[in-house]
Amino acid sequence: MLPAVREGVPNEAEVAAADVHLRNVVKTYGGVVAVDDLTLEIPRGEFFSLLGPSGCGKTTTLGMIGGFETPTSGTIMLGDQDVSRVPPYKRDVNTVFQSYALFPHLDIFGNIAFGLKRKGMPKEQIASRVTEVLRLVDLPGYEKRKISELSGGQQQRIALARALVNEPRVLLLDEPLGALDLKLRKQMQAELKRIQQDVGITFLYVTHDQEEAMAMSDRLAVMNAGKIEQYGTPRDVYERPATRFVASFLGASNLIAGKVVSSGGAEFAEVVLAGGQTVRVPAERVTPGQVEISVGIRPEKLLLEPVSEPAAPGYNAITGQVILGTYLGVSHQYIVKGPADTELVVYVQNLGATAPTLGETVRLSWLPEHTFVV
Amino acid sequence: MSSVRARIAPYLLSFPGWFWLGLFFLLPIITVLSVALQTGNPDTGYTFTWHWSEFSTVLSNYNGELVRSFIYGGISTLAAFVIAYPMAYWIAFHGGLHKSTYLFIILLPFFVSFVIRTLAWQFLLSDNGIVLGSLKSIGLLPQSTHVLSTPFAVIAGLTYNALPYMVLPLYVAIEKIDRRVVRAAGDLYASGVQAFFRVILPLSSAGIFAGFLLVFVTNVGDYVNASILGGPGTTMIGNVIQNSYLENLDYPTASALSSILMVLLLFVIWLYARVFGTEAVEEAVA
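Predicted model, so just to flag it, every value in this text is computed and none were measured.

### Looking at the overall build of chain A
Then, in step 1: Secondary structure assignment for chain A yields 9 helices and 20 strands.
Then, in step 2: Projected onto the principal axes, the alpha-carbon positions of chain A cover approximately 80 × 45 × 40 Å.
Then, in step 3: Burial status across chain A gives 53% buried among its 374 residues.
Then, in step 4: Taking the intrachain contacts of chain A between residues at least 6 apart in sequence as the baseline, contacts between residues at least 24 apart amount to 66%.
Then, in step 5: Of the roughly 16500 Å² of accessible surface on chain A, a fraction of 52% belongs to carbon and sulfur atoms.
Then, in step 6: Of note, chain A has its 37 positive side-chain charges centred 6 Å away from the centre of its 42 negative side-chain charges.

Written as structure tokens, this is what we have:
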């Protein structure tokens, strides 16, 4: 399946102004393809995430932009400069490493000033820049502290400050919050987003945490097996996943196999699901000529109703049997055996309604616009 | 009752250690010092006479050998460092899966006795030996060239014999350096050379400190290299002590020189630790 190119993809003007262009980039390690013909534009000043499971090639891609890896073929441009084979120390890019990689023999000032000193900035200017960036990351006056005196969260901020102080064209972040506990991670997500908006530098953020990517990114690209599966704003990618992989990796999805029976001209195409029930999907989401498809619905979009009540007009409706119910406090999660024995997940907000009993036949209904096709 | 026991227990536990140190370290040192203050001769025996002037006598008799020992020790330590650092660096950073094999190869010659190894150097460096002989026969060196009995031969031997004591601590220190930190230096505009001097070298300072300490102390007091590879002009203080003790049976001289050597070494180490900072010492010890 082709990666979907739909809304959320930058227009021509945005592409021209993009900070990072990857063109047909391939990276192989002794015959194993890590990054497979990747083309990507990262717009200037955006918080952009590369999201994917471990081993999908996202860190390799980041490494190639940072200069730690050389592409096997293809070009990497920073602005209008081809940097494909430029060593890291000559690139206008800085990295916040997953492990922070702070210099243990230097104090915080020494760590943050490291890049500026290499660039040959005058001493007084370095001092004021360090003071400024320490204020930005909310650790003012920490210049003389040692790295070993800092907590994980503070080290994380120093790693960020050490990279940001150089005002790079692009800041690369390699799962920088991975080592923090959940609460601190949430806090740092908000902080990272704030800092990015303050400084206006392009952030390229690599993560396997879909929630994190959704929460922070202006745009994101979902990667799998060295390729980009989908590119767009978090909303676009979540609401209308283009591939099976995206549908299941980004949030949970219910996928039911079906056949397109009519699509010509109308607003909605009709799809006969395996098992015989018919549903409607927005016609523009069906590629013309495509017959065998899967219909997808997010679990929170499904309404679970007793079959005795009349179905709401205009809704898609199918029936199934409740086989499992789990109380989660904020919601109930039900597994319903639907068409052709497909197990469907349904989230029902906890409004105090009577829970269906196990084995009960229920109706699942949803708005046709909430249907996606993969 | 039990609180008293709890309080003295740590002291009781450390008693074997104290006993050991007292018996094998403190007692011999006191003996050495007291022997230095004796007078007499080998035939009639020595008696304790508070003969402090022994120290100034040996100092004025053997100051040349003392100075030479420190110079040879210093040069050979530096030379061993210059040779060992790239070896340790290469094994630690580029040794891949065979690090321990490479270390073993470096250590292999050192399973042979120290004296035998030095005798092998004597054989190699002899006037018509493998190295000089062949260079002379093809006319690259004049026939009169000789290396044995020169300071060069002694320092070369000292350097060679010190290599593992330099390579091992350096290797341990360099191996411990997080590669990601080196990567970060590159990311922050440091070229390879800058990354080495700004990050790798300072981060291996504990190993450098330990290597210098081990090699310098051993080499300053060495007598084997000078006696096998050296000549009359390369006598080190170790040779003087050995001769006084074993040949001339002049125990006070040997003891006084040993004490002076020990004090001088302690002073140099103290100075060195002051310059490098106590952190490096702690790290080297740990």
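Back to the write-up after that little detour.
### Looking at the overall build of chain B
Then, in step 1: Helix and strand counts for chain B stand at 13 helices and 2 strands.
Then, in step 2: Residues classed as buried in chain B amount to 40% of the 286 residues present.
Then, in step 3: When contacts within chain B are restricted to residue pairs at least 6 apart in sequence, long-range pairs at least 24 apart make up 69% of them.
Then, in step 4: When the accessible surface of chain B is summed, it comes to about 16000 Å², and 71% of that surface belongs to carbon and sulfur atoms.
Then, in step 5: Across chain B, the centroid of the 12 positively charged side chains sits 14 Å from that of the 13 negatively charged ones.

### Thoughts on the confidence of the model for chain B
Then, in step 1: Considering every residue of chain B, the mean pLDDT works out to 90; 96% of them sit at 70 or more.
Then, in step 2: For this predicted complex, the interface confidence score (ipTM) comes to 0.79, while the overall pTM stands at 0.80.

### A look at the packing of aromatic side chains
All names here are of chain A.
Then, in step 1: Counted by the stated rule, this structure contains 27 aromatic pairs over all chains.
Then, in step 2: A centroid spacing of 5.5 Å and a plane angle of 40 degrees characterise the contact between F47 and F203, whose relative ring orientation is tilted. With F47 in strand 3 (residues 47–51) and F203 in strand 8 (residues 202–207), this residue pair connects regions lying 156 residues apart in the sequence.
Then, in step 3: Judged by its relative accessible area of 0%, F203 falls in the buried class.
Then, in step 4: The side chain of R118 reaches across the aromatic face of F114, ending 4.6 Å from its centre.
Then, in step 5: A cation over an aromatic ring shows up here: R145 above the ring of Y142, its NZ or CZ 4.2 Å from the ring centre.

### Regarding the interface of chain A and chain B
Frequently, the measure chosen for interface size is the accessible area removed from exposure when the parts meet.
Then, in step 1: With 23 residues of chain A in contact, the opposing surface of chain B contributes 17 residues.
Then, in step 2: Together, the buried faces of chain A and chain B total about 1900 Å²; carbon and sulfur atoms form 64% of this surface.
Then, in step 3: For the chain A face of the interface with chain B, the top three residues by lost area are Y89(A), H105(A) and R118(A), together amounting to 33%.
Then, in step 4: The interface formed by chain A and chain B holds 6 residue pairs in polar contact (both at pLDDT 80 or more) in total.
Then, in step 5: Of all the secondary-structure elements, those providing two or more residues to the side of chain A that touches chain B are strand 6 (93–96) and helix 3 (108–118) of chain A.

### Some remarks on the packing of helix 2 (residues 53–94) of chain B against helix 12 (residues 251–276) of chain B
Residues and elements named next belong to chain B.
Then, in step 1: For the pair helix 2 and helix 12, the least separation of the axes is 10 Å and the interaxial angle reads 55 degrees. It follows that helix 2 is oblique to helix 12 by the angle criterion. Both helix 2 and helix 12 take part in a crossing whose hand is right-handed. Each of E54, F55, V58, L59, Y62, L66 and F70 in helix 2 lies in contact with helix 12, whose residues at this interface are P252, T253, A256, L257, S259, I260, L261, L264, L265 and V268.
Then, in step 2: Across the contact of helix 2 with helix 12, the residue classes tally to 14 nonpolar, 2 polar and 1 charged.

### Considering the pairing of strand 1 (residues 38–41) of chain B
Within a regular strand, side chains alternate between the sheet's two faces.
Then, in step 1: Pairing geometry for strand 1 of chain B and strand 2 (residues 45–48) of chain B, over 4 bridges, is antiparallel. In the sheet register, T39(B) faces strand 2 of chain B, and the bridge partner there is T47(B).

### Describing the domain arrangement of chain A
Residues and elements named next belong to chain A.
Then, in step 1: Each domain of chain A was delimited in the assignment, giving domain 1 (12–240) and domain 2 (252–373).
Then, in step 2: Each of domain 1 and domain 2 has a C-alpha centre, and the two are 40 Å apart.
Then, in step 3: Opposite the 4 residues of domain 1 that make contact, domain 2 presents 6 residues.
Then, in step 4: Contact between domain 1 and domain 2 buries roughly 480 Å² in total, counting both sides, with carbon and sulfur atoms accounting for 33%.
Then, in step 5: The three residues of domain 1 that bury the most area against domain 2 are Y238, E239 and R240, which together make up 98% of that side's buried surface.
Then, in step 6: For the pair domain 1 and domain 2, the number of links is 2 salt bridges.
Then, in step 7: A salt bridge links K301 to E239; its shortest N-O distance comes to 2.8 Å.

### A few points about the pattern of salt bridges
Then, in step 1: Taken as a whole, this structure holds 20 salt bridges over all chains when the rule is applied.
Then, in step 2: Between K186(A) and E211(A) there is a salt bridge whose closest N-O contact spans 3.0 Å. Of this pair, K186(A) sits in helix 6 (residues 182–199) while E211(A) sits in helix 7 (residues 210–216); the two residues are 25 residues apart in sequence, bridging distant segments of the chain.
Then, in step 3: Measuring nitrogen to oxygen at the nearest pair gives 3.0 Å for the salt bridge that ties D178(B) to R180(B).
Then, in step 4: Exposure remark for R180(B): the relative accessible area of 43% places this residue in the partly exposed category.
Then, in step 5: A network of salt bridges, in which partner residues are shared, links R157(A), E191(A), R194(A) and D198(A).

### Here we look at the nonpolar core
All names here are of chain A.
Then, in step 1: Ranked by internal contacts, the top residues of the largest apolar core, which has 38 residues, are I112, L134, L160, L164, L171 and L192.
Then, in step 2: Listed by contribution, the elements that provide at least two residues to this core are helix 3, helix 4 (123–136), helix 5 (152–164), strand 7 (170–174), helix 6 and strand 8.
Then, in step 3: Counting residues per element, this core draws most heavily on helix 5, which supplies 6 residues.
Then, in step 4: Leaving out residues up to four positions away in the same chain, L192 has contacts with F47, L160, L173, L177, F203, Y205 and M216.

### Focus on the sheet that holds strand 20 (residues 372–373) of chain A
All names here are of chain A.
Then, in step 1: Here 5 strands make up an open sheet; going across it, the order is 13-12-11-14-20 and the pairing antiparallel. Single-partner strands in this sheet number two, and they are strand 13 (278–282) and strand 20.
Then, in step 2: As paired elements, strand 14 (residues 292–297) and strand 20 share 2 bridges and run antiparallel to each other. Among the inter-strand pairings, G296 is bridged to a residue of strand 20, identified as F372.

### Topic: the pairing of strand 16 (residues 316–327) of chain A
Residue and element names in this part refer to chain A.
Then, in step 1: Pairing between strand 16 and strand 19 (residues 361–366): 6 bridges, direction antiparallel. Looking at strand 19, one finds that N316 is bridged to W366.
Then, in step 2: Both strand 16 and strand 17 (residues 331–337) contribute to a ladder of 6 bridges, which runs antiparallel. Considered in strand 17, the bridge of Y327 is made with H332.
Then, in step 3: What sits between the antiparallel neighbours strand 16 and strand 17 is a turn of 3 residues, in which G329 has the positive phi angle 85 degrees.

### Examining a nonpolar patch on the surface
Then, in step 1: A cluster of nonpolar side chains, namely F15(B), F19(B), W20(B), L23(B), F24(B) and L27(B), defines an oily patch on the protein surface of about 690 Å² accessible area.
Then, in step 2: Relative to the elements of secondary structure, F19(B) occurs in helix 1 (residues 2–36).

### A word on the confidence of the model for chain A
Then, in step 1: The predicted model of chain A averages 90 in pLDDT, with 95% of residues at 70 or higher.
Then, in step 2: Long-range and interchain partners of residues 1–7 of chain A, a stretch whose pLDDT sits below 50, account for 15 contacts in this model, where long-range means more than four residues apart.

The rules behind the values
Residues numbered from 1 in each chain as written. Chains lettered and ligands numbered in written order. Predicted model: local features only at pLDDT ≥ 70, side-chain atom pairs only at ≥ 80, totals over all residues. Heavy atoms only, no water. Helix = DSSP H or I, 4+ residues; strand = E, 2+ residues; numbered from the N terminus. Buried < 20%, exposed > 50% of the residue type's maximum accessible area, 1.4 Å probe, protein only. Contact = heavy atoms within 4.5 Å. Areas by Shrake-Rupley, 256 points an atom, 1.4 Å probe, with all protein chains shown as cover. Lys, Arg positive; Asp, Glu negative; His and termini not counted. Charge placed at Lys NZ, Arg CZ, Asp CG, Glu CD. pLDDT = per-residue confidence, 0-100. Phe/Tyr/Trp six-rings, centres within 6.5 Å; stacked < 30°, edge-to-face > 60°. Lys NZ or Arg CZ within 6 Å of the ring centre and 35° of its normal. Buried area = accessible area lost by both parts, 1.4 Å probe. Polar contact = N/O pair within 3.5 Å; in protein donor to acceptor, adjacent residues only side chain to side chain. Axes fitted to C-alpha atoms, helices over the stretch in contact; angles between N-to-C directions. Parallel < 35°, antiparallel > 145°, perpendicular 65-115°, else oblique. Left-handed = near helix turned anticlockwise from the far one by under 90°. Nonpolar A, V, L, I, M, F, W, Y, C, P; charged D, E, K, R; others polar. Pairing = 2+ DSSP bridges. Domains from an automatic or database assignment. Salt bridge = Lys/Arg side-chain N within 4 Å of Asp/Glu carboxyl O. Core = buried A, V, L, I, M, F, W, Y, C linked by side-chain atoms within 4.5 Å. Patch = residues over 30% accessible without salt bridge, like charges linked within 9 Å, V, L, I, M, F, W, Y side chains within 5 Å.

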